[in-house]
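Descriptive analysis of the structure
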Amino acid sequence: MLDVLRNSAKSWVAKVLLVLLVLSFGVWGISGTVFQGAGNTVVTVGETRVTQDEFRLAYGRQVAALSRQTGTRLTREQARAFGVEQNVLVQVAMNAALDEQSRRMNLGLSEGRLAKLIAEDPAFQGIDGRFDRATFANLLRNVDMTEEDFIVSQEQTAIRQQIVEAISDGYEAPTTLLQAINRFQNETRTLDYVVLNPDIVGTIADPAGDVLTAYFEGNKQTYRAPEYRKIEYVTLRASDITDPASVADDAVRADYETYADRYRKPETRTIEQLSFADADAAKAAADKLAGGESFEDLISAESKTMSDVLLGTFERQAIPDQLIADAAFGISLAGATSGVVEGTFGPVILRVTSITPESTKNFEDVADSIRNDLALAEAEAILLDVHDAYEDARAGGETLQEAAKKQKLSPVIIEAVDRTAQTPDGDILRDLPESRQLLANAFDTDINVETAPIGLGTDGFMWFEVLDIISARDRTLDEVRDRVVEDWKRQQAATALGKLATELQKRVRDGEVLTAVAADQGLVTEIKYDIRRQDEDAVLGAAAIAAAFGGPDGLVAVADDAGGSAKILMQVTGITTPDASSVSSLPEATQQALSRRMGDDMLTQAIVQMQGEFGVSYDPAVVEQAISRSR
């Protein structure tokens, strides 16, 4: 285990964890304690010991973080599968090494400096930007930490940070390295290329019987039938138990009258508004209207268009300017205009181009909808009662069918389905409720075993049972003949395409012009200008771009296209390399990220060296005790 800890500290995973440790866990001080009792010690680095409680706190926080990410509380077994135990051991051993180093260097922190660090933490500040004790206490309560423990942990963290900053902060990547990365990342290449699609090799004839049989036998595992399960399930949602016929006519009528406004559609009007600079201009326009001039003439005179004056279609209460609303809804006929209206933003003249009168849906038109809504509401109210009644029936020995029938629920039987929701016919059951969880649970139980209900979000519940298990088996050739023939022909076409691409590649390498070689196949070459290694291209794809950078100018290469079904035959026709002495085209963010990563590498190496010098040991029994006590 000691080797594992040391080796883990050298890995990229550990480097990432180290950053989390220093920047996140370090904030809460998951650190070592000097001279604790040996029987309570998880990890020892020199004379610094990590106690069971400290390990448990770090372990619990990482489990909680992963639980939030996955959306479910991780079990101990799941946490172990994620490697939480190992990661936390690495974390606390690294932190303990820093604490031991700070102890040996007699590093410390004044009370004033510590108080200033805590007061300046934005997490503990109120809306005025100053330290707020109530906020401070509340946050500590939320993470289950006492004020005394937090202050101690902050002191340890601040002391530890002195070593971290001395080793890694301010490190700048060497200019020579940045120049090399700049040349690598920003080198561009221009390509002539041709796409060789599978149809270029012509139609592949069906294989002879013995050939097909041999291919099938060599790939039998591909065509093996998976295990299937016959599943019976029943859902309980409000919609499953609604009974509209049970809702009395009087109740429907009463609901309609109580909520009559729901069925009333207010009057709406389409309004145009012509604005004027001042009252005199507006009055002059109104006089012109009275004299027989059209509203369109006024719009043109104001150098505006019809779209400029269109306000839109509104209900009365939707118009924010009450004066405009009153005037618009005071116009009696569509097409008529108002006088001058002193609106909030100046004088205007309005025209209403259309009027849609208020309407109310008749009771008969909405009665069925109301009845269904009332039935659904009643079903939602008794949902848990039905759930309990079903559970009681099963506890009393009734089958799923019997218990469901008693509650007027309708069981569904799936004759055969595999873990991926596919039937033996190849159909995907896309309407399975909670498909992923249902199938996972169904394939984790046995025949006729009563299982716990599965939640249907916030809508209800589902119960299921496995009625039969159809074991996995080898299919016969006759069962999958068509599929095998297609797979064989696809393989043959790919082989022939690869052979052709290699032959064409050799011709170009031997001196023929790519354009002429492509023309012999009835194809036309294309050009890609100035591609870079990290570029994404919908035609070339990652493999072809990588191949394009696999040699010098003039390189002739073959690679799969972006879709993986065609081949790309290409020739590099130009290379542009950045100035060897410059890093100006390398983004500043990239330079800073590289410097930070190198600083982190140096810090990791320093901690590994500390561990080697101080010695690291651990007690697996105490680790188990700490984990077993974790909530």
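Look up: the structure comes first, before these words.
Residues numbered from 1 in each chain as written. Predicted model: local features only at pLDDT ≥ 70, side-chain atom pairs only at ≥ 80, totals over all residues. Heavy atoms only, no water.

Before going further, it helps to spend a moment on unusual backbone geometry. The residue asparagine 106 is not glycine, and still its phi comes out positive at about 55°. Relative to the helices and strands, asparagine 106 resides in the loop between helix 5 (84-104) and helix 6 (111-119). On the basis of relative accessibility, which here comes to 70%, the residue asparagine 106 falls in the exposed class. Of note, asparagine 448 is a non-glycine position whose phi angle comes to about 60°, a positive value. Within the fold, asparagine 448 resides in the loop between helix 18 (435-442) and strand 13 (454-455). (Helix = DSSP H or I, 4+ residues; strand = E, 2+ residues; numbered from the N terminus. Buried < 20%, exposed > 50% of the residue type's maximum accessible area, 1.4 Å probe, protein only.)

Taken in spatial order, the 4 strands of this open sheet run 12-5-14-13, and their pairing is antiparallel. Edge positions in the sheet fall to strand 12 (412-417) and strand 13, since each has one partner strand and no second. Bridge count for strand 13 against strand 14 (residues 460-470) is 2 bridges, and the pairing is antiparallel. Its bridge partner lying in strand 14, isoleucine 454 is registered against methionine 462. Running at roughly 45° to strand 14, helix 18 makes contact with strand 5 (228-237), strand 12, strand 13 and strand 14 of the sheet. (Pairing = 2+ DSSP bridges. Contact = heavy atoms within 4.5 Å. Axes fitted to C-alpha atoms, helices over the stretch in contact; angles between N-to-C directions.)

This part covers the sheet that holds strand 17 (residues 567-576). Here 4 strands make up an open sheet; going across it, the order is 15-4-17-16 and the pairing antiparallel. For this open sheet the edge positions go to strand 15 (526-531) and strand 16 (556-560), each flanked by a neighbour on one side alone. The mean angle between the axes of side-by-side strands here comes to 30°, regardless of whether they run parallel or antiparallel. As judged from the 9 bridges shared by strand 4 (residues 188-196) and strand 17, these two strands associate in the antiparallel manner. Each residue of the ladder has a partner; that of leucine 196, found in strand 17, is lysine 567. Contacts from helix 19 (residues 481-509) reach strand 4, strand 16 and strand 17, with the element oriented near 35° to strand 17.

It is worth spelling out the packing of aromatic side chains at this point. Overall, the coordinates contain 6 aromatic pairs when judged by the stated rule. Centre to centre, the rings of tyrosine 256 and tyrosine 263 are 5.2 Å apart; their planes meet at 25°, and the pair counts as stacked. Each member of the pair, tyrosine 256 as well as tyrosine 263, is classed as buried. With a centroid separation of 4.0 Å and an interplanar angle of 35°, the aromatic rings of tyrosine 390 and tryptophan 463 are classed as tilted. A residue pair is termed long-range when its members are at least 10 positions apart, and tyrosine 390 in helix 16 (residues 363-395) and tryptophan 463 in strand 14 qualify at 73 residues. The two residues tyrosine 390 and tryptophan 463 agree in class, both being buried. Ring-pair connections join several aromatic residues into one group, and the members of that group are Tyr256, Tyr263 and Phe363. (Phe/Tyr/Trp six-rings, centres within 6.5 Å; stacked < 30°, edge-to-face > 60°.)

On to the packing of helix 8 (residues 147-168) against helix 22 (residues 588-614). One can describe the packing of helix 8 onto helix 22 by two numbers: an axis separation of 8 Å at closest approach and a directional angle of 125°. If you check the angle between helix 8 and helix 22, you find them oblique. The handedness of the crossing between helix 8 and helix 22 comes out as right-handed. Counting all contacts with helix 8, which are made through Ile163, Val164, Ile167 and Ser168, the residues of helix 22 involved are Gly599, Asp600, Met602, Leu603, Ala606 and Met610. Considering only residue class, the contact of helix 8 with helix 22 consists of 7 nonpolar, 2 polar and 1 charged. (Parallel < 35°, antiparallel > 145°, perpendicular 65-115°, else oblique. Left-handed = near helix turned anticlockwise from the far one by under 90°. Nonpolar A, V, L, I, M, F, W, Y, C, P; charged D, E, K, R; others polar.)

Working note: a packed helix pair is described by the angle between its axes plus the distance between those axes. One way to put it is that helix 11 (residues 249-258) packs onto helix 16 with a least axis distance of 9 Å and a crossing angle of 110°. As summarised for this structure, helix 11 and helix 16 are arranged roughly perpendicular, according to the angle between their axes. Contact residues: Asp249, Ala251, Val252, Arg253, Asp255 and Tyr256 in helix 11; Phe363, Glu364, Val366, Ala367, Ile370, Arg371 and Leu374 in helix 16. The class makeup of the residues in the contact of helix 11 with helix 16 is 8 nonpolar, no polar and 5 charged.

Scanning all chains against the criterion turns up 35 salt bridges. Between glutamate 479 and arginine 473 there is a salt bridge, with the nearest N and O atoms lying 2.7 Å from each other. Residue classification places arginine 473 among the partly exposed residues on the basis of a relative accessible area of 37%. Several salt bridges share partner residues, and in doing so they unite Glu47, Glu100, Arg103 and Arg104 into one network. (Salt bridge = Lys/Arg side-chain N within 4 Å of Asp/Glu carboxyl O.)

Let us now look at the pairing of strand 7 (residues 268-275). In terms of burial, strand 7 is a largely internal element, 6 of the 8 residues being buried. For strand 7 and strand 8 (residues 310-315), the ladder comprises 5 bridges, and the chain directions are antiparallel. If you follow isoleucine 271 over to strand 8, its bridge partner there is glycine 312. Note that strand 7 and strand 10 (residues 346-356) share 8 bridges and pair antiparallel. Pairing of threonine 268 across the sheet is with threonine 356, part of strand 10.

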